[in-house]
Amino acid sequence: MLKCFLCFILFSFLQTTANAYDFVGYINGENAGDEYGSAMCTVDFNADGFADLVVSAPAADDAGTSSGKIYIYFGGPAADTVADLTIVGAPSSFFGKALASAGDFNHDGYEDLLVGAPFYDSPASNAGAVYLYYGGPSPDTTVDHIFTGENTSDYFGIATVGVGDFNHDGSDDIAIGAYKSDWGAYTNSGKVYIYFGGQNPDFSVDKILVGSADGERFGYALTAQDFNGDNIPDVAVGAYSFDNSSLNVGRIYVFDGGTAPDTVFDLTITGSSSGDKFGWTLTAGKINNDSYYDLIMGTDGYAVDTFATGKIYIYDGGSSFDNIEDDSYSLERMANDYFGFSVASNVDINEDGMDEIIAGMPGNDDGAIDGGGAILFLGNSSISIDTTVLGDSQNEEMGKAVCLWKDFGNSSTYIVAVGASSFDNYQGKVALYRQSNASPNNPPVLDSIGPKNVYVGSLLAFQVTASDADGTIPIL
């Protein structure tokens, strides 16, 4: 009976994926209410040359109510689904609400990790914090520095990103959003704090970026890349609640990096209709193979009739980077798909020189009511759908977080990771899909030991084909 159940699960997921991807398995959260899979990122935290996957459960209660917890899974030949490191946050801080690579912030040759805890209560209630962990050959779980917000309900750390060398001094810098911070006469307008890295960083804020309107939630989303091709990264900031003549049209602000970067925004990209929520989520990648990084924005606010269908937009980078939309995609149907709720890029899965894009749609009903899912797009001058994955249980809301992970198993293996933090009474889970042609002779090793693994399969051990009319699985 168990074998038949596993057959059904594996077969159902293969039906929703393209031939190039295998359903590898789930990693499940530990407890109801943890919201495991809320955020994900990759970082070579143990400095072995392989990217590692970081997954958060920001509502976990290990150190007190909603203290939060992160799980780090090392990539490489010994990769498995048992966490190699776990770190917990402070009570009520929602540690792990945001995750990002810091680049090499302390200039020691190793990649570092940022963890946002926007409900952290020092120096004031919900002031927020971001924890910095230095990577290295023997990384530990001791925080190396805690950046904190300034005032009550700033929610500093709702978003964070490794910027790269924003001030062109040879060291990587970081940015942190505080989307409900007040400034001037504006309330809930938001700020972004820039910290310059170096061999002996002083951890003091070097630049504070602001938008242009009251209540716009500036800093809710962040990304950074060299969009204008001057070899210095630029910072893009989302302000999804920006209003002009209509409410919540949203806006993206772009700040150019340089040897003496200023705090004046260089470009704005603004929504056109009420509720568009431009700037809801941001990422970047080289999508069209022209050597420039492109800006990708997802918004679940794009509407068809009165339904929150959602949409992603692409703005091609170039020497004259502008605010003209170059490509976009929506399901364009009357359904609350919330497509574009999450986006990720900057990984070239099929190694054709163009990065792929993955976008989550946690409200999608195609697999189950509010089962959610995600769509993977191939990079090109005009993006095209490669793979669609769907949640298979009601209300799991798969697609609230998405991630593209290179180096699971070996340097040519790519994993598409899709978070479903509402699964099973908010226990949460992450679904993993592997590019099947990445390394047929060197599959990843998947442990099935420990409470975080419900089912793990490999297409090198199991195979289902459309010709298997009786639904049985031959064991190879």
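Treat the numbers as computed from the prediction; the structure is a model and nothing was measured.

1. Quick word on the overall build of the chain
So, point 1. Helix and strand content of the chain: two helices and 30 strands.
So, point 2. Residue burial in the chain is summarised as follows: out of 476 residues, 60% are buried.
So, point 3. Of the contacts made within the chain by residues no fewer than 6 positions apart, 56% connect residues no fewer than 24 positions apart.
So, point 4. When the accessible surface of the chain is split by element, carbon and sulfur atoms take 47% of a total near 17500 Å².

2. Details of the nonpolar core
So, point 1. Counting 25 residues, the largest nonpolar core has Val192, Ile194, Phe218 and Val235 as the members making the most contacts within it.
So, point 2. Those elements giving two or more residues to this core turn out to be strand S10 (156-164), strand S12 (191-195), strand S14 (218-225), strand S15 (234-239) and strand S16 (251-255).
So, point 3. Of the residues forming this core, the biggest block, four residues, is contributed by S10.
So, point 4. If we ignore the near neighbours within four places in the chain, the residues touching Val235 are Val163, Phe166, Ile194, Leu209, Thr223, Ala224, Tyr253, Val254 and Phe255.

3. Things to note about the sheet that holds strand S3 (residues 52-57)
So, point 1. Read across the open sheet, the four strands follow the order S2-S3-S4-S5; overall the sheet is antiparallel. Of all the strands in the sheet, the pair left with one neighbour each is strand S2 (40-43) and strand S5 (85-88). The sheet shows a mean angle of 20° between the axes of neighbouring strands, taken without regard to direction.

4. A few points about the pattern of salt bridges
So, point 1. Inspection of every chain in the model, using the stated rule, returns 10 salt bridges.
So, point 2. Residues Arg434 and Asp22 are paired through a salt bridge, measuring 3.2 Å at the closest nitrogen-oxygen approach. Pair noted here: Arg434 is in strand S30 (residues 429-435) and Asp22 is in strand S1 (residues 21-28), with a separation of 412 residues, a long-range link.
So, point 3. When its relative accessible area of 8% is taken as the criterion, Asp22 is described as buried.
So, point 4. One salt bridge in this structure joins Lys191 and Glu150, with 3.5 Å as the shortest N-O distance. With Lys191 in strand S12 and Glu150 in the loop between strand S9 (145-148) and S10, this residue pair connects regions lying 41 residues apart in the sequence.
So, point 5. On the basis of relative accessible area, Lys191 is assigned to the buried category, the value being 11%.
So, point 6. Each of Glu30, Asp62 and Lys69 takes part in a single network of salt bridges with overlapping partners.

5. Here's the deal with the packing of aromatic side chains
So, point 1. Under the definition given, this model contains 29 aromatic pairs.
So, point 2. Ring geometry for Phe95 against Tyr131: centres 4.9 Å apart, planes inclined by 85°, an arrangement best described as edge-to-face. Of the two residues, Phe95 sits in the loop between S5 and strand S6 (98-103) while Tyr131 sits in strand S8 (residues 129-133), which places them 36 residues apart along the sequence.
So, point 3. Considering the side-chain rings of Phe156 and Tyr193, the 5.3 Å spacing of their centres and the 75° angle between planes classify their relative orientation as edge-to-face.

6. A few points about the confidence of the model for the chain
Segments scoring low in pLDDT should not have their predicted coordinates read at a detailed level.
So, point 1. Taken as a whole, the chain shows an average pLDDT of 88; of its residues, 86% reach a score of 70 or greater.
So, point 2. Considering only residues more than four positions removed or in separate chains, one finds that residues 1-19, a stretch of pLDDT under 50, has 35 contacts.
So, point 3. Residue range residues 437-476 is modelled with pLDDT below 50. Its contacts to residues more than four positions away, or to other chains, number 85 contacts.

7. A look at the state of the cysteines
So, point 1. Counted according to the given criterion, the structure contains zero disulfides.
So, point 2. For the unlinked cysteine Cys403, the closest cysteine sulfur is that of Cys41, found at 6.9 Å.
So, point 3. For Cys403, a relative accessible area of 6% gives the class buried.

8. Overview of the sheet that holds strand S26 (residues 373-378)
So, point 1. Spatially, S24-S25-S26-S27 is the arrangement adopted by the four strands of the open sheet, whose pairing is antiparallel. The sheet is open, and its two edges are formed by strand S24 (343-347) and strand S27 (384-390), each paired on a single side. Averaged over all pairs of adjacent strands, the angle between strand axes in this sheet comes to 20°, irrespective of strand direction.
So, point 2. Pairing geometry for S26 and S27, over six bridges, is antiparallel. Within S27, the position partnered with Ala374 by the bridge is Val389.

9. Quick notes on unusual backbone geometry
Glycine aside, a negative phi is what most residues show, and trans is what most peptide bonds show.
So, point 1. Cis rather than trans, the peptide bond between Ser122 and Pro123 has omega equal to 5°.
So, point 2. If you check the backbone angles, Ser291 has positive phi at about 80° while not being a glycine.
So, point 3. Mapped onto the secondary structure, Ser291 falls in the loop between strand S18 (281-285) and strand S19 (294-299).
So, point 4. A relative accessible area of 54% places Ser291 in the exposed class.
So, point 5. Positive phi outside glycine occurs at Tyr338, with the angle close to 55°.
So, point 6. Take Tyr338: it is sitting in the loop between strand S23 (327-329) and S24.
So, point 7. Residue classification places Tyr338 among the partly exposed positions, given a relative accessible area of 33%.

10. Considerations on the environment of Met40
So, point 1. Tracing the backbone shows Met40 in strand S2.
So, point 2. Sequence separation between Met40 and Gly419 is 379 residues, and the spatial gap between their C-alpha atoms is 8.0 Å.
So, point 3. In contact with Met40, not counting residues within four places along its chain, are Val54, Val55, Leu99, Ala401, Val402, Cys403, Ala417, Val418, Gly419 and Val430.

11. What to know about the pairing of S12
So, point 1. Of all the five residues making up S12, five are buried; the element is thus mostly covered by neighbouring parts of the structure.
So, point 2. Burial along S12 is two-sided: the residues Lys191, Tyr193 and Tyr195 and Val192 and Ile194 are all buried.
So, point 3. Note: strand S11 (residues 173-178) against S12, five bridges, orientation antiparallel. By the bridge assignment for S12, Ile176 is matched with Tyr193.

12. Let's talk about the side chain of Arg217
So, point 1. Mapped onto the elements of the fold, Arg217 is located in the loop between strand S13 (207-210) and S14.
So, point 2. Salt bridges are absent for the buried Arg217, whose nearest opposite-charge side chain, Asp214, sits at 7.2 Å.
So, point 3. Residues within four places of Arg217 in sequence aside, it is in contact with Tyr179, Lys180, Asn188, Ser189, Gly238, Ala239, Tyr240 and Ser241.

Parameters and conventions
Per chain, residue numbering runs from 1 following the sequence as it is written. Local features in a predicted model are, by the rule used here, given only for residues with pLDDT of at least 70; side-chain atom pairs are given and counted only at 80 or more, and totals for whole chains, interfaces and linings are based on all residues. Only heavy atoms go into the side-chain values, all of them from the structure, while hydrogens and water stay out. Strands here are runs of E lasting at least two residues and helices are runs of H or I lasting at least four, both read from the DSSP assignment and numbered beginning at the N terminus. Working definition: with a 1.4 Å probe on protein chains only, accessible area under 20% of the residue-type maximum means buried, over 50% means exposed, and in between means partly exposed. In what follows, residue pairs with any heavy atoms lying within 4.5 Å of each other are defined as contacts. Surface accessibility in these figures is a Shrake-Rupley result with a 1.4 Å probe; residues are shielded only by whichever protein chains are displayed. As used in this record, nonpolar core signifies buried Ala, Val, Leu, Ile, Met, Phe, Trp, Tyr and Cys residues forming a set joined through side-chain atoms within 4.5 Å. Think of it this way: DSSP has to see at least two bridges between two strands before they count as a pair. For helices, the axis comes from a line fit to the C-alpha atoms of the stretch in contact; other axes are also lines fit to C-alpha atoms, and the angle between any two N-to-C directions lies between 0 and 180 degrees. The salt bridge definition used is simple: a Lys or Arg side-chain nitrogen within 4 Å of an Asp or Glu carboxyl oxygen. Pairing of aromatic rings covers Phe, Tyr and Trp, the last through its six-membered ring, and needs centres within 6.5 Å; plane angles under 30 degrees mean stacked, over 60 mean edge-to-face, and all others mean tilted. The pLDDT value expresses, per residue, how confident the predictor is, ranging between 0 and 100. The criterion for a disulfide is a pair of cysteine sulfur atoms lying within 2.5 Å. Within this scheme the basic residues Lys and Arg register as positive and the acidic residues Asp and Glu register as negative, but His and the chain ends are omitted.

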